[in-house]
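Here is how the chains run, residue by residue.
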Amino acid sequence: MNYIVLVKQVPDVSQITGNAFNPETGNLNRGALPSIINKLDADALTFAEKMRQVSPGKIVCLTMGPPMAIDVLKYCLSRCSEDAVLLTDRALGGADTPSTANPLAFAVRKIVRDMFNGSEDYVVITGMQSVDGDTAQVPPQMAAELKIPCVAYATDFEYENNSFIFNAIVSGGNQSIKPKQFPCVITVASFEHQLFPTFNRSRWAERTDVNSWTADDIKPTSFGFPGSRTKVTRVFPPPKSARRYKHVGDINAFIAELVDDFKKGGTASKYVPVEREYVLPLNRPDGPLDRNYEATNKDIEAFNEVRDALIALNINDVEQIKEEILDDVKKHLTSDIADYKLKGILNGFKVVEPTYSGDVWVIAEHEGEEIHDVTAELLGKATDLAKSLNVNVGCVLAGYNCGDLPKQLISYGADKVVVIDDKMLEEFKPGPYKKAIIEAINEFKPQIVLSGATPQGRVLTPMIAYGLDCGLTADCTRLDIRDNSSLGEVGVLMQTRPALGGNVMATICAKDSKLQMSTARPGVMRKLEPDPEREGEVIAFNTVLSESDAGYDITKTELSEGGTKLTTADIIVSGGRGLQNRGKYDSILRELVSGLENKLECEVECGASRAAVEHGFIGRPHQVGQTGTAVSPKLYIAIGISGAIQHLIGIENAEIIVSINNDSKAPIFTHSDYYIVGNAEEIVPQITKALNM
């Protein structure tokens, strides 16, 4: 077996400052920050070395980036890699995930031809995501281009009877997955083993030349900004919270107030501001000259100024707007607008029909006979979007013996449910699911497709988007319909998500795509109350699937008994890296959980930050945040958690947030209703004592 390890040199996002990115484009100035190897890619390198110990072969590391990315390849050579390839070319810059996956896949093909002598006995191994992107889209999209299976979220492997069996994370547990054949792509979620360089190998790595390839060497079919299917329309700081931000001094008084708040129900955060509902230009009370639905406030101001100039010229109808009025309009402007921009605005007034057509769809996810919460949440959001666009809400459901699942989907807001019922869809495998859903989308042609950013959704949805040659924005915290009228775009989906490690927010929209696709984490959107009396249309859709579509066999599935209660618990007590070790995590949280259960007589669950999970304090099913489970309990208590944006987004729907941290400047404090500065080992016993009084 041979091994291609895909690695990425990433910026140290903990050191991002205001001048580290371009506020107009959202592109990171990588030279302004120190660079490190992506942590999960380092795990993938170790994973490959452990595989090679049982099935010998050659390890080649591959990265795409600027010339300085050679450092990450030297790192790999110093540990275990025999060869390395740097894919570097200005033409490859400015790429989104599909136009990154495409050249990487073509580089893999060249490695196989030139370094493996054409042997198909290889695996591509990489971290499941990178810290500067967190989308997890590139590996499955690369697998889609290579037309090979993708085993996602691997944590370990076994080697039995000359075959690899991979252990992987799935919703609520783990699976054992056996590829039917190689090659395949493996994404690594975590791998605890460490890999260190020797002195001699480090010296050898420094002397070893790295292969440097350009776009001409690999001849990709879609790359760089021209090949991208998304574009950034706005970059801005994370919004401020409307939490109480109340400092706690007297623990006894605090507990009395907290208990009273808990019984009243608290006040949910206004973390995401609510904007007025979108209206298509031809339906606006003030007519199509009303352009108060542009993507940015700056655009709205510019359109309003030009509109006022048009009105001053007695131009009240878009049909009256001609190029020859440009000079007259300029005379009535109060600010200086460049001619090219003014022409774009004038032409923008004449764009009144929506850019896309079709319904708003949700890709349904289900466990047994129950619809996944994230599907219900997205149906609620789809209802809002569809109402703005005057279209219906659709849902595509893939499975086997689907029973009353379509009825459940209709109760949550679907007007139409397209059901693909096939024995090959009984267990989730990306290959057949991808093929079936792509065929359904091509048949019914929705304009928007939403999916959950679950372990299933984060491997399936990127493959679907790549197969449809359209953009995909991952882990959205907000979805709105807005216009880019000066660019000829009306009624397009604005997709907002954290970027650059959560240090900024980016609003993204589709580019050169026939439809618009987004994923959202569970718990971020609010679902509607189900209406069992609601009626809708159920449409059976048939497709032809075979075993060859599967790519791998599932040999065992182990779900956590009862799973975690993060989505249903009344109270969640979470610990972070500040608790230092598993022993302190266990003792401190156990004490507080017991006190809360006794005092408030409700269900309490333990949670953890991403850092706490990665340090082994508790299992990954307990991880709270955008890269874990988004939660909405009545009370959330964060202990030793600093407050990365991914964590804050995951808890924003909690009714009451309490934080305890010995760092007086911890970011989480400003997103809390109550905060306590101090050592958890001293504070928690005081809280427990007050609860027992």
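These numbers were taken from a predicted model, which means no experiment stands behind them. (Residues numbered from 1 in each chain as written. Predicted model: local features only at pLDDT ≥ 70, side-chain atom pairs only at ≥ 80, totals over all residues. Heavy atoms only, no water.)

J.: Talk me through the overall build of the chain; I want residue IDs and the actual numbers.
T.: Per the secondary structure count, the chain includes 19 helices and 30 strands. Relative to the globule expectation of 26 Å for 693 residues, the C-alpha radius of gyration of the chain, 26 Å, shows essentially globular dimensions. Across its three principal directions, the C-alpha atoms of the chain cover 80 × 75 × 55 Å. Each charge class in the chain can be summarised by its mean position, and for the 71 positive and 92 negative side chains these summaries are 4 Å apart. (Helix = DSSP H or I, 4+ residues; strand = E, 2+ residues; numbered from the N terminus. Rg over C-alpha atoms; globule rule 2.2 N^0.38 Å. Lys, Arg positive; Asp, Glu negative; His and termini not counted. Charge placed at Lys NZ, Arg CZ, Asp CG, Glu CD.)

J.: For the sheet that holds strand 22 (residues 504-510), give the residues involved together with the corresponding values.
T.: Taking strand neighbours across the sheet as the criterion, the four strands line up as 12-22-21-20 in an open arrangement whose pairing is antiparallel. Whereas interior strands pair on both sides, the edge strands pair on one side only; in this sheet they are strand 12 (230-236) and strand 20 (478-484). Across the sheet, the mean angle from the axis of one strand to that of its neighbour is 35°, orientation sign disregarded. Relative to strand 21 (residues 489-499), strand 20 runs antiparallel, the two sharing six bridges. The partner of Ile-481 across the bridge, within strand 21, is Leu-493. Contacts between helix 12 (residues 373-389) and the sheet are confined to strand 20 and strand 21, with strand 20 contributing the most and set at about 20° to the helix. (Pairing = 2+ DSSP bridges. Axes fitted to C-alpha atoms, helices over the stretch in contact; angles between N-to-C directions. Contact = heavy atoms within 4.5 Å.)

J.: Lay out the packing of helix 2 (residues 70-79) against helix 5 (residues 199-207) in plain terms, naming residues and giving numbers.
T.: The interhelical angle for the contact between helix 2 and helix 5, taken along N-to-C directions, is 140°, at an axis separation of 8 Å. Compared by their axis directions, helix 2 and helix 5 come out oblique. The interaxial crossing formed by helix 2 with helix 5 has right-handed handedness. From helix 2, Lys-74, Leu-77, Ser-78 and Arg-79 reach across to helix 5, where they touch Arg-201, Ser-202, Trp-204, Ala-205 and Glu-206. For the contact of helix 2 with helix 5, a count of residues per class yields three nonpolar, two polar and four charged. (Parallel < 35°, antiparallel > 145°, perpendicular 65-115°, else oblique. Left-handed = near helix turned anticlockwise from the far one by under 90°. Nonpolar A, V, L, I, M, F, W, Y, C, P; charged D, E, K, R; others polar.)

J.: Report on the packing of aromatic side chains, specifying residues and quantitative values.
T.: Evaluation of the coordinates by the stated rule reveals 17 aromatic pairs. With a centroid separation of 5.9 Å and 15° between ring planes, the pair formed by Phe-164 and Phe-166 is classed as stacked. Here the two residues Phe-164 and Phe-166 agree in accessibility, since each one is buried. Measuring from centroid to centroid gives 5.0 Å for Phe-428 and Tyr-433, while their planes differ by 75°, and the two rings are edge-to-face. Take Phe-428 and Tyr-433: they sit in the same class, and that class is buried. Through pairs of rings, three or more aromatic residues link up here, namely Phe-47, Phe-157, Tyr-159, Phe-164, Phe-166, Phe-182 and Phe-191. The aromatic ring of Phe-236 is capped on one face by Arg-234, whose charged end is 3.9 Å from the ring centroid. (Phe/Tyr/Trp six-rings, centres within 6.5 Å; stacked < 30°, edge-to-face > 60°. Buried < 20%, exposed > 50% of the residue type's maximum accessible area, 1.4 Å probe, protein only. Lys NZ or Arg CZ within 6 Å of the ring centre and 35° of its normal.)

J.: Run through the pattern of salt bridges, naming residues and quoting values.
T.: As a working rule, side chains carrying opposite charge can pair if their charged atoms are close by. Overall, the coordinates contain 32 salt bridges when judged by the stated rule. When the shortest N-O distance is used, the salt bridge between Glu-489 and Lys-231 registers 2.9 Å. Placement of the pair is Glu-489 in strand 21 and Lys-231 in strand 12, with a sequence separation of 258 residues. Among the salt bridges present, the one from Glu-426 reaches Lys-423, with a minimum N-O distance of 2.6 Å. Overlapping salt bridges, with partners in common, bring together Glu-49, Arg-52 and Glu-82 in one network. (Salt bridge = Lys/Arg side-chain N within 4 Å of Asp/Glu carboxyl O.)

J.: Quick rundown of the sheet that holds strand 18 (residues 416-421)? Include the residues and the values.
T.: With parallel pairing, six strands are arranged side by side in an open sheet as 23-19-14-17-18-24. Strands at the two margins of the open sheet, each flanked by one partner only, are strand 23 (516-520) and strand 24 (537-540). Put simply, the sheet's adjacent strands are angled 20° from each other on average, direction ignored. As judged from the six bridges shared by strand 17 (residues 393-399) and strand 18, these two strands associate in the parallel manner.

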